[in-house]
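# What the coordinates show
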Amino acid sequence: GGSSSSRQMPSRRRRLSLDGEDESTRGEGGDRRRFARDNNYSHHHLTVFGITFMSFALIHATRKTLSTVKGSLISVWTHNSTTQPPLFPSPEEAENFLALLDFGFLFAYAIGLYIGGILGDRYSPRVVLSIGVCLSAIVVFLFGFVTEAYRFYHSSVYFVLWVSGGLFQSVAWPTEICIMGNWFGRGSRGLIMGVWSGCASVGNIIGTLVTSAVIYAGYEYAFAVNSLILFLFGFAIFFFLKAHPREIGLAEPWEWESEQHDVIEESSSSRPIGFCRAWKLPGVIPYSLAYACLKMVTYGFFFWLPYYLHSHFGWPESDAGTLSTFFDVGGIVAAVVGGAISDHLSSRTPVVVIMLIIASFCLGVYSIVPGDFLINALMLSVVGFFVAGPANMISSSVSADLGKARELRGNTEALSTVTGIVDGTGSVGAAMGMLAIPWLQRNLSWNAVFYTFIVMVISTTGCLLPTLYREWRDYRRSRLGIDPEETEEEEAERQGLLDNHT
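Sequence positions are assigned chain by chain, starting from 1 and proceeding in written order. Local features in this predicted model are restricted to residues of pLDDT 70 or higher, and side-chain atom pairs are both shown and tallied only at a pLDDT of 80 or more, whereas totals for entire chains, interfaces and linings draw on every residue. As a rule here, side-chain values cover all heavy atoms of the structure and leave hydrogens and water aside.

### Comments concerning the overall build of the chain
The following threshold applies: Helical segments are the DSSP runs of H or I of at least four residues, strand segments are the runs of E of at least two, and each set is numbered from the N terminus. Relative accessibility decides the category of a residue: with a 1.4 Å probe and only protein chains considered, values under 20% of the type maximum give buried, values over 50% give exposed, and everything between is partly exposed. When checking whether two residues touch, look at their non-hydrogen atoms; a contact exists if any pair is within 4.5 Å. To be clear on the numbers: accessible area is Shrake-Rupley with a 1.4 Å probe, and residue cover counts the displayed protein chains and nothing else.
For the chain, the count of helices and strands is 17 helices and four strands. When burial is assessed residue by residue, the chain has 56% of its 502 residues classed as buried. Within the chain, counting contacts between residues at least 6 apart in sequence, those at least 24 apart form 84% of the total. Accessible area for the chain stands at about 20,100 Å²; split by element, carbon and sulfur atoms hold 64% of it.

Rendered as structure tokens:
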């Protein structure tokens, strides 16, 4: 039995010829989706990988600029001039306002992720992404360059511009994960998305290096250069990015072994999965809550690590910014290694949990590291490996897996929504952290900040333990000859994720 046709999901059939070829893919007809093996890559795949990678890297480069020049902004905002009083009477108040900017940005970013995820499933991800990128570049240019060039210092203007930037940037991640999920299947997703998820860290490095190169001329030029590069790249996205293999007649990658000879006949009345129903997918809620805890830690390092190195150890801003990139380098390596290992497992959760357990100890060690440049570089690489690595995996390959779950049975228009839910919930936690970190540092100490990070990492692990147990139980059932896919489909039908039996 099934529900009304307005809610009908795509059905899946398999027809094999005598030679084993899938007869369902023969002939013409735009309502049939073909599946290819996961290693059939072309130059189109490389183009998609490169454009989406660089788009988010350049977004992060513009975002990183603020954290790198916080010391310069505090100096300008508290400086007396002959024409106007300082924007803030003390560095402490300037720090509080920067914390408010971080909170407002991340809160708007979180709300925008929920909305951007829905937009990415209902409209062209390419168009949504290109518009968001160009608007983000314009806002950053106004915030950092125009206000300084015209000596227009006004807290309300700064707040509105930076929060608007968070809203515009939020459409990027879910649409990019959606596009990558359309082009690369589950069999190699851990490795490929592991490499790809380094885009944020690469962007941090680009932003830091560009800022360090031009900050001698004034912090406003760091904002100008990074935003100009991002704006120009928005046109490359619009004209050259393909959101789906079907757009150029290529087959889709398969998600599960059973899909190698599958054909999905798509009903013309099928529609994207609803926002509320996406929350019911297995693993979405646990991973969303876990990412809320973990993203507070990663964004704490992202927004405050250069300032910590500058204020705590007395290193120049340029040196502190360069040193902070070792945290990102560790995260890049970890996402690749962890993703490659998880490709050979039935689940990515064990890899994430093990890395998080080690991360809690690494954070404790880093909190007592002395002010030696080489020791800090080494420990930041290790901390980045075990903290930023799991965060990169959750926000990329894990989110793509959740959005391509068996329970959806061919409904491809859920990936952007699920990614928006996971990353949006994570950004809510990160926004809370942006208010807590300066308060802890000012009223207690930097050690209190690191102890809070340890608690958040432990909480992240706790959120994933039920999922780890469920996946271990499914593994045991498969060893006993019980098909976990049938169990998952029965659970999906019970929760209303499937609309009809196929």
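### Examining empty space enclosed by the protein
The following threshold applies: Of the two site types, the cavity is a set of points on a 1 Å grid over the protein atoms alone where a 1.4 Å probe fits but cannot get out, and the pocket is an open set with protein on both sides within 12 Å along at least five of seven lines, each lined by residues with an atom within 4 Å of a point. Grid points are joined across faces, edges and corners, and a volume is the space filled by probe spheres set on the points.
Counted according to the given criterion, the structure contains seven cavities of 30 Å³ or more. Sorting the residues of the lining of the largest cavity by element identifies helix 1 (43-68), helix 8 (199-214), helix 11 (284-313), helix 12 (317-342) and helix 14 (373-403) as the ones contributing at least two each. Ranked by residues supplied to the lining of the largest cavity, first place goes to helix 11 with seven residues.

### Side note on the pattern of salt bridges
Quick reminder of the rule: Just to be clear on terms, a salt bridge is a Lys or Arg side-chain nitrogen sitting within 4 Å of an Asp or Glu carboxyl oxygen.
Under the defined criterion, the tally for this structure stands at three salt bridges. Here D102 makes a salt bridge to K70, at a shortest N to O gap of 2.9 Å. Of this pair, D102 sits in helix 3 (residues 91-122) while K70 sits in helix 2 (residues 70-77), and the two are 32 residues apart along the sequence. In this structure, R151 engages E148 in a salt bridge whose closest nitrogen and oxygen atoms are separated by 3.2 Å.

### So, the side chain of R63
The line we're drawing: Under this rule, positive means Lys or Arg and negative means Asp or Glu; His and the chain ends count for nothing.
Residue placement: R63 occurs in helix 1. Of the side chains with opposite charge, D423 comes closest to the buried, unpaired R63, at an N-O distance of 7.2 Å. Apart from residues lying up to four places away in sequence, R63 is in contact with F56, F105, Y109, W162, Q169, Y299 and F302.

### Details of helix 6 (residues 172-183)
For clarity, the cut-off: To estimate how far a helix should reach, multiply one less than its number of residues by 1.5 Å.
Relative to the 16 Å expected for 12 residues at 1.5 Å per residue, helix 6 spans 17 Å between its end C-alpha atoms, a close match to the ideal helical length. For helix 6, the set of buried residues is A172, W173, P174, T175, E176, I177, C178, I179, M180, G181, N182 and W183.

### Some words on the packing of helix 4 (residues 125-149) against helix 6
Note the threshold: Geometry is summarised by axes, namely lines fitted to C-alpha atoms with helices restricted to the contacting stretch, and by angles between N-to-C directions that run from 0 to 180 degrees. Here a crossing is taken to be left-handed if its near helix is turned anticlockwise relative to the far helix by less than a right angle, and right-handed if that turn runs clockwise. Under this grouping Gly is polar, as are all residues other than the nonpolar Ala, Val, Leu, Ile, Met, Phe, Trp, Tyr, Cys and Pro and the charged Asp, Glu, Lys and Arg.
Running from amino to carboxyl end, helix 4 crosses helix 6 at an angle of 145 degrees, the nearest separation of the two axes being 9 Å. Of the two possible hands of crossing, helix 4 and helix 6 adopt the one that is left-handed. Contacts between helix 4 and helix 6 involve P125, V128 and L129 from the first element and A172, T175, E176, C178 and I179 from the second. Of the residues assigned to the contact of helix 4 with helix 6, the class counts are six nonpolar, one polar and one charged.

### Details of the confidence of the model for the chain
Worth spelling out the cut-off: pLDDT expresses, on a scale from 0 to 100, how confident the predictor is about each individual residue.
This prediction gives the chain a mean pLDDT of 77; 78% of its residues lie at or above 70. Considering each helix and strand of the chain separately, the mean pLDDT is smallest for strand 1 (residues 11-14), with a value of 43, and largest for helix 9 (residues 219-240), with 92. Here residues 258-270 scores under 50 on pLDDT; set against residues more than four positions off or in separate chains, the count is 50 contacts. Low pLDDT (under 50) marks residues 498-502, which in the prediction has 22 contacts with non-local residues, meaning those over four places away or in another chain.

### Quick notes on the packing of helix 1 against helix 6
To keep things clear, this is the line we draw: Should an angle fall under 35 degrees it is taken as roughly parallel, and over 145 as roughly antiparallel, whereas 65 to 115 is taken as roughly perpendicular and any remaining angle as oblique.
The geometry of helix 1 relative to helix 6 is characterised by a closest axis approach of 10 Å and an angle of 165 degrees between their N-to-C directions. Judged by the angle between their axes, helix 1 and helix 6 are roughly antiparallel. When you trace helix 1 past helix 6, the crossing you get is left-handed. Contacts between helix 1 and helix 6 involve H44, H45, V48, F49, T52, S55, F56 and I59 from the former and A172, W173, E176, I179, M180 and W183 from the latter. Residues belonging to the contact of helix 1 with helix 6 are distributed by class as follows: nine nonpolar, four polar and one charged.

### Considering the side chain of S227
Short version of the rule: In the analysis that follows, any N or O atom pair within 3.5 Å is treated as a polar contact, provided that within protein one partner can donate a hydrogen and the other can accept it, and provided that, for residues neighboring in sequence, both atoms belong to side chains.
Within the secondary structure layout, S227 lies in helix 9. Among the polar contacts made by the side chain of S227, one reaches the main-chain carbonyl oxygen of F223 at a distance of 2.7 Å. At 3.1 Å, the side chain of S227 and the backbone oxygen of A224 are in polar contact. Excluding anything up to four places from it in sequence, S227 contacts T62, A137, V140 and F141.

### Describing helix 13 (residues 349-366)
Look at helix 13: 25 Å from first C-alpha to last across 18 residues, which is about the 26 Å you get at 1.5 Å a residue. Those residues of helix 13 not exposed but buried are T349, V351, V352, V353, M355, L356, A359, S360, C362, L363 and Y366.

### Topic: the nonpolar core
One broad rule of soluble globular proteins: the nonpolar side chains tend to lie buried together. Stated formally: We call a set of buried Ala, Val, Leu, Ile, Met, Phe, Trp, Tyr and Cys residues a nonpolar core when their side-chain atoms join them within 4.5 Å.
By size, the foremost hydrophobic cluster in this structure holds 86 residues, and its most contacted members are W77, F301, L363, Y366 and V383. Counting residues per element, this core draws most heavily on helix 11, at 17 residues. Each residue touching Y366, except ones within four places of it in the same chain, is listed here: L305, Y308, L309, N376, M379, L380, V383 and F450. Grouped together as the second largest cluster of nonpolar side chains are 30 residues, F56, I59, W173 and I179 included.

### Things to note about the environment of N226
Following the sequence through the fold, N226 ends up in helix 9. N226 sits in the buried class, given a relative accessible area of 3%. Looking at N226, its side chain comes within polar contact range of the side chain of T65, at 3.0 Å.

### As for the environment of I341
Note on placement: I341 falls in helix 12. For I341, a relative accessible area of 46% puts it in the partly exposed group. Residues I341 and V351 lie 10 residues apart in sequence; the distance between their C-alpha atoms is 7.7 Å.

### Considering the environment of A222
Relative to the elements of secondary structure, A222 occurs in helix 9. Note: C-alpha distance between A222 and T211 (11 residues apart in sequence) is 4.8 Å. With near-sequence residues (within four places) excluded, A222 lies in contact with T65, T211 and V214.

### Digging into the packing of aromatic side chains
For clarity, the threshold we go by: Only centres within 6.5 Å qualify two rings of Phe, Tyr or Trp (six-membered ring in Trp) as a pair; their planes then separate them into stacked at under 30 degrees, edge-to-face at over 60, and tilted for everything else. Charges are assigned to positions over rings by a cutoff of 6 Å between ring centre and Lys NZ or Arg CZ, combined with an angular limit of 35 degrees from the ring normal.
In total, this model carries 25 aromatic pairs according to the counting rule given. Through a chain of ring-to-ring contacts, three or more aromatic side chains come together here, namely W77, F88, F97, F105, Y109, F143, Y158, W162, Y219 and F223. The side chain of R63 reaches across the aromatic face of Y109, ending 4.7 Å from its centre. Sitting over the ring of F238, R126 keeps its end group 4.8 Å from the ring centre.

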